[in-house]
Amino acid sequence: MKLTGLRLHNVKRFAGRGVAIENIGDGVNVLCAVNEFGKSTFFEALHALFFQPHTGTPEAVRLLRPYSGGNPLIEADIVTAEGRYRLAKQFYGGRRASVTHADSGRLVAQADEAEAFIGNLIRGGTAGPAGLLWVRQGVTGIERRSRSEEDGEKRVRESLLSSVQGEVEALTGGRRMAEISARCEEELYRLVTPMLRPKSGGLYAAALDEHEKLLTEERRLNAEVTGLRGALDKRRLALARLSELENPEEEAARRNAIAAAEAAVEAAKSHGEVWKAAEAQAALAANHHDAAKKTLDDFRAALRRAADLLAQLTEAQRRRAEALDRRASAIAENDQALADVHAAEQEERETRELLARLDAALTARDAGEQLAGLRDRLEQAEAARARIEDGEAGLALLALPEQAVERLQALEIEIAGLRAAQMATLPTFRMEYRDGVSDLVTIDAKPLPHAEDQSFAGAVRLDIAGVGALTLRSNRPPQADRALDEAEAKHRGLLASLGVGSLIAARRRLAAARDKAAELDLARQRLGDLAPKGIQHLHGEIARLAALGAGDLELKADPGQVRQHLTEAEQRVATTRNSAREASPLRSQADAAVTAAEKACATIEAELSGLEILLGPEAAREEKQHMLAAEAAARQVLRDTAESHAAPLHNAAHDLAGAEAALRRTRSVQDSVTQEKSQLRETLADLNSHIRTRSDDAVEEAWREAAEKLAAAGERVKRFETEIAVLDRLRTALTTARSSARDLYLKPVMSELRPLLGLLFDDIAIEFDEHTLLPQTVRRNGQDEDVERLSGGMREQLSVLTRLAFARLLARDGRPAPVILDDALVYSDDDRIERMFDALHRQSRDQQILVFSCRQRAFTKLGGNILQMTDWQPDRS
C-alpha cells in the first residue's frame, strides 16, 4: 500500500476550511514547515482514517474536532496491487465511510464494508504494520509506554520474525512445546492470576479465605483468653492501690500542705503590688526622657539637612536652564527635517500617480485583446448550464429510490411464496368417470376433467347431470390468508407510491434515471472545464476587462523615464527620512533632560518646605534649640529619681511564681488522688463484670478447638502453594528454553539493521531484549550501555533505523506499508542527520517514506519529493 494524496476539511486548526497534500510519490517525501502549521494534524487525521471507526467518537476523534464544532472529513488516495482507491471518512454529523475507485469513480464499498476494506489494508489495527511504522511526534518507540501499547507492537514483531525465520519453532519444540506451555498456564491460572495472586473464585483463594477466617477467629478467642487473665491481675493490683490511697494519715498531710502554700501566695502578692507601682513610675519617667532627647536630636539633624538642600537647589536650577536651551535648538532642527520629508514625499506621490495612469493605459490595451475569448467561453458555459438544468429536471421525474425497488422485488417474492403455501394447504378433490362416461359433472358451467386434482378455497358447487348439485366447503378460518392479503396490499400501495405498474417498469425507469445521471455528470464536467470558478466569475471577468478597456489608451509620457524619476524621488524620500530620524533622538534627549531637571528642582523644593515647617522661622531656631536641650536635662533628673526608688523594692521581692507553683502542686496532688480513687472504683466494677461474663462462656475450650481447625486449614494452603510453585517453575523452564533461541530469532532484523548502523556508527553492536524485541544495550569500544542512558539524539536514530529494518521485513513478508515520521529527528546533530538522510534514501528504493519536520533549514539536505499544503474544497454532490 502506498499513499498518493491526503485531504482534510474542518479538522482541528483547519476549522471551516479544507487543505490537501497531493502528488505523494515513491521513495522519500518531505513536508517541512514551521511549528503550528498543521503537520501533526495531518498525521493524526491519517491515523484516525485507518484506525478509528466512523460511527464512534473516542478521544482520538474528539481531538480532531475544532472548538467551533462541525464534522471532520478525511480523504486519502492510495495505490495497492489491485488498483488506485480513494478512502473517505466523515465523523459526527453525516458520519460516513466510503471506498471509491480513483480511476473510474465507481463506489467500491461504504459503511461497514468500507471499514472492513480499510481493516484489510492495515491488517491488525494499531498493532499491525502501520502501528509499527508510523512514528508520532515525540515518541521513539524505545521509551517506556503503557503495557497494552508495548504488548501490541511486540506481537507484531513476533509474528513478523516468526514468518521470515521458520527455524525458530523447530529449535524450541514447535507446537508441542506451545501446547505444553498452554496446558501448564491453564492449570496455573485456575489457582492464581498471571501476577501469581490468588484467583477470585478458585480453590486456592477459597482455601486462603477459610484459613484467614479461622486465623481471625483463633486470634479473637486468644485475645479474649489473654484479656480474662489480664483482668484478674488488674483487679488484684487495683484493690491494693485503692487501700493505699485511702490511708487517713496521708490524707491529713495533704490538707496541711495546701493551707501553708495558700498563705505564702498571699504574702507574695501584697509585696508584688507595691513593687509594680514603683516600676511603672520609673518606666513613665524613662519614656518622657527618651521622647525629649529624640526631639532635640531630630531638630539638630533637620538644621543640617536644610543647609545641604539650599546648595543642591542652586545647582539644580542652573542645570534646568541649560536643558531648556538645548531643547529649543533640537526643536528647530527637527522641524526643518520634517519639512524636507514632506516636500520629498509630495514629489514621490505625484510621480507615482503619473506612473499609475500610464500602467492603466497599458492594461486597457491588454484587456481588449482578452475580452473576445472570454465572451465565447461565457456563451458555451451558459449553454452547458442550460443542459444541466434540463437534465436535472428530467432526472427528478425519473428518479426512484433504489431501496424502494428492492422492497418491491422482495414483496413479489414474498407474495409468490405465500401463494404457493396457500395452494399446498387448500383441500382437493378428484373425479374419475367409469365406462367411458364424461362431462356429466360441471363446475362453474365447465366440464370437470377426468382424473385431475382440483383445489378450492371457501365453497365450490358441482352440478351432476340427472342427479343434482353437490356443494363442498373448505371451512378455512378467515385469518389463514391474512398474510397474503396484507402482502398484496403493500405491493399495490408501493406500486402506487412509485407511480409504476410493475417491477419491470420500475427497473426500466431506474435504468433510465442512471443514464440521465451519467449525462448530467458529463454536462457538469464540461461546465467545470469552461468555468472552473462559476459563470458569475466569468461575468465579473468580462465586466472587469470591459471596464479596463474603456480607459484612456493614449500614452502621454515615457513610462521608462517616469519610472526613473520615481526611483530618484523614492531615494530623496529615504534620505530626508533618515535625516529626520537622526534629528528625532536629539529632541527626545533634550525633552528627557528638561523633565529630569524639573523633577530634581521640585523634589528639593518639596523636601525643603517640609523642613521649614518642622524648624519654624529662621530667627527663632536657636532659641528653640536651647529650650529643647533644657527639657531633655530636666527629664533626665526625674528618671534617675524614679529608678533609685524602685531598685530596693526589686531586690526584696518575694518569689510569687514559686509560691503559686507550690500551691498548684499541692492542690494537684489532692485532685489526682481523688480522681485516681474514683477511677479505681470504676475499673473494679468493669473488671468484675468482665470476669463474671467470660467465666460463664468457656472461652478457653473454644480457643483450643479453633487452633486445631486453623492448623488443618494451614496444611491445605501449603499443599496449594506447593502445586503453584511447581507449575510456575515448569512455566519458567519452558520460557527459558524458548529464550535460548533468541539469536536465531532476531537474525532477520539484525541482517537488515547492520548495514544501516554502518552508515551512522563505527564499531557498534546492538543487543535486543528477548521480551520486547527492541534494542536493549549498545556495545561501543568494548563497553555496554543501556539504551535508556543514551542521548536523545542517538535514541531517536536507533528508533528510526529499527523501524526501517522492520519495514523491509514487512515488505518481504507481503505486507508493505509506508513509513511515516512526524518530527522523528529532533535532537540529531548536523553530521548524524545527513547520514540518517542517506539511510532513508537507501531504504526508499522499494519503500515509501513520508517525513514531516519543522526543521526547514536542516531538512533541505534530505532531498526527495517536496510536498506542499494547498487549499481544498470537498465535493458536496
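Basis of the calculations
Residues numbered from 1 in each chain as written. Predicted model: local features only at pLDDT ≥ 70, side-chain atom pairs only at ≥ 80, totals over all residues. Heavy atoms only, no water. Pairing = 2+ DSSP bridges. Helix = DSSP H or I, 4+ residues; strand = E, 2+ residues; numbered from the N terminus. Axes fitted to C-alpha atoms, helices over the stretch in contact; angles between N-to-C directions. Contact = heavy atoms within 4.5 Å. Salt bridge = Lys/Arg side-chain N within 4 Å of Asp/Glu carboxyl O. Buried < 20%, exposed > 50% of the residue type's maximum accessible area, 1.4 Å probe, protein only. Parallel < 35°, antiparallel > 145°, perpendicular 65-115°, else oblique. Nonpolar A, V, L, I, M, F, W, Y, C, P; charged D, E, K, R; others polar. Phe/Tyr/Trp six-rings, centres within 6.5 Å; stacked < 30°, edge-to-face > 60°.

Q: Looking at this model, I keep getting lost on the sheet that holds strand β6 (residues 96-101). Mind explaining?
A: Pairing between the strands of a sheet comes from backbone hydrogen bonds, and it takes one of two forms, parallel or antiparallel. What the seven strands build is an open sheet, ordered β7-β6-β5-β4-β1-β2-β21; its pairing is antiparallel. Since the sheet does not close on itself, it has two edges, and those belong to β7 (107-110) and β21 (869-872), each with one partner. Between one strand axis and the next, the sheet turns by 20° as a mean value, whatever way the strands run. As defined by bridge partners, strand β1 (residues 2-11) adjoins strand β4 (residues 73-80) across seven bridges and the pair is classed as antiparallel. Looking at the pairing, Gly5 lines up with Asp77 of β4. Lying over the sheet, helix α1 (residues 39-51) contacts β1, β2 (14-21), β4, β5 (83-90) and β21, oriented at roughly 105° with respect to β1.

Q: What's the story with the pattern of salt bridges in this structure? I'm lost.
A: A side chain of one charge can pair with a side chain of the opposite charge if their charged atoms are brought near each other. Counted by the stated rule, this structure contains 20 salt bridges. Across the pair Asp77 and Arg86 runs a salt bridge whose closest N-O atoms are separated by 2.8 Å. Take Arg86: its relative accessible area is 34%, and that puts it in the partly exposed class. Residue Arg461 is joined to Asp463 by a salt bridge in which the shortest nitrogen-to-oxygen separation is 3.0 Å. You can call Asp463 partly exposed: its relative accessible area is 28%. The structure contains a network of salt bridges with shared partners spanning Arg7, Glu22, Glu75, Asp77 and Arg86.

Q: Before we go on, may I ask you to explain the sheet that holds strand β13 (residues 459-464) in this structure?
A: Within the open sheet, the four strands sit side by side as β11-β10-β13-β14. Their pairing is antiparallel. Whereas interior strands pair on both sides, the edge strands pair on one side only; in this sheet they are β11 (446-447) and β14 (468-473).

Q: Help me understand the packing of α1 against helix α3 (residues 112-122), please; the structure alone is not making it clear to me.
A: For any two helices packed against each other, one specifies the crossing angle of their axes together with the interaxial distance. Between α1 and α3, whose axes approach to 8 Å, the crossing angle comes to 110°. By the angle class used here, α1 and α3 are roughly perpendicular. Only Ile118, Leu121 and Ile122 of α3 make contact with α1, whose side of the interface consists of Leu49, Phe50 and Phe51. When its residues are assigned to classes, the contact of α1 with α3 shows six nonpolar, no polar and no charged.

Q: Mind showing me how you'd approach unusual backbone geometry here?
A: Trans is the common state for peptide bonds, and a negative phi is the common state for residues other than glycine. With a phi angle near 60°, Asn10 is a residue other than glycine that sits in the positive phi range. With respect to the helices and strands, Asn10 occurs in strand β1. If you check the backbone angles, Leu196 has positive phi at about 65° while not being a glycine. By secondary structure assignment, the location of Leu196 is in the loop between α7 (174-191) and α8 (203-245).

Q: I tried to follow the packing of aromatic side chains on my own but got confused; where do I start?
A: Aromatic ring pairs are defined here through the distance separating the ring centres and the angle between the ring planes. Tallied over the entire structure, the rule returns three aromatic pairs. Considering the side-chain rings of Phe14 and Phe42, the 6.2 Å spacing of their centres and the 65° angle between planes classify their relative orientation as edge-to-face. Linking Phe14 in strand β2 with Phe42 in helix α1, this pair joins segments that are 28 residues apart in sequence. The same class applies to Phe14 as to Phe42, namely buried.

Q: Explanation requested: the pairing of β6 in the structure shown.
A: Counting buried residues in β6 gives five out of six residues, a clear majority hidden from the surface. Pairing analysis gives six bridges linking β5 to β6, with the strands arranged antiparallel. Following the sheet pairing, Gln90 is matched in β6 by Arg96. Hairpin remark: β5 followed by β6, antiparallel, with five residues in the connecting loop; positive phi at Tyr92, about 65°. A loop of five residues connects β6 with β7, the two strands running antiparallel in sequence, and Gly105 in this loop sits at a positive phi of about 75°.

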